[in-house]
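# A closer look at the structure
Take a look at the letters that make up each chain.
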Amino acid sequence: MDTQEIITRLGGTAKAAALCNVTPSAVSQWIRSGIPRARLMFLTLARPDIFAAPPVLNGHPGRQPPSPTNILDTIPGHSIVLPTTPKATP
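Per-chain numbering applies: the sequence of each chain, read as written, is numbered from 1 onward. In keeping with the predicted nature of the model, local features appear solely for residues at pLDDT of at least 70, side-chain atom pairs appear and are counted solely at 80 or more, and the whole-chain, interface and lining totals rest on all residues. The basis for every side-chain value is the complete set of heavy atoms in the structure, and neither hydrogens nor water enter the calculation.

## Here we look at helix 2 (residues 13-20)
An α-helical turn contains 3.6 residues, so a residue and the one three or four places further along point in the same direction. In plain terms, the rule: The buried label goes to any residue with under 20% of its type's maximum accessible area, the exposed label to any with over 50%, and the partly exposed label to all in between, with areas taken from a 1.4 Å probe on protein chains only. Per the convention used, a helix needs a DSSP run of H or I reaching at least four residues, while a strand needs a run of E reaching at least two, with both numbered from the N terminus. Note that the arc is defined by the directions from the helix axis to the C-beta atoms. The criterion used for residue contact is that any of the two residues' heavy atoms lie within 4.5 Å.
Listing the buried residues of helix 2 in full gives Ala16, Ala17 and Cys20. Down the axis of helix 2, the smallest arc covering the buried residues is 100 degrees, so these residues share one side. With respect to the buried face of helix 2, the exposed residues turned more than 90 degrees away are Ala14, Lys15 and Ala18. Buried-residue contacts for helix 2 involve helix 3 (24-33) and helix 4 (37-46).

## Structural notes on the pattern of salt bridges
To keep things clear, this is the line we draw: Between Lys or Arg on one side and Asp or Glu on the other, a salt bridge is scored when a side-chain nitrogen of the former is within 4 Å of a carboxyl oxygen of the latter.
Scanning all chains against the criterion turns up 2 salt bridges. For Arg9, the salt bridge is made with Glu5, and the minimal N-O distance between the two is 2.9 Å. Taken together, the residues span about one helical turn, with Arg9 and Glu5 both in helix 1 (residues 3-9) at a distance of 4 residues. Its salt-bridge partner being Asp49, residue Arg47 comes within 2.8 Å of it at the nearest N-O pair. The class of Arg47 is partly exposed, set by a relative accessible area of 26%. We classify Asp49 as partly exposed; its relative accessible area is 48%.

Right under this line is the structure:
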């Protein structure tokens, strides 16, 4: 994720500046020079939702975790479905 995307996800230059207690022009400079390391560490702690990546399973972002019947689907390059145990009939 680049600096512009981080600032956009924070709500724009003014909101990012207010969160970091700096001027909007300081945040604008980050677009050219990058977010200072200490500010980036603060933003990561203050807004972890901005930096959270979607889960990636078997190379597909946003997939649901595997069910017990397809647990081997987590192995890259494999999509094996295990048979379920049939229910006993009374």
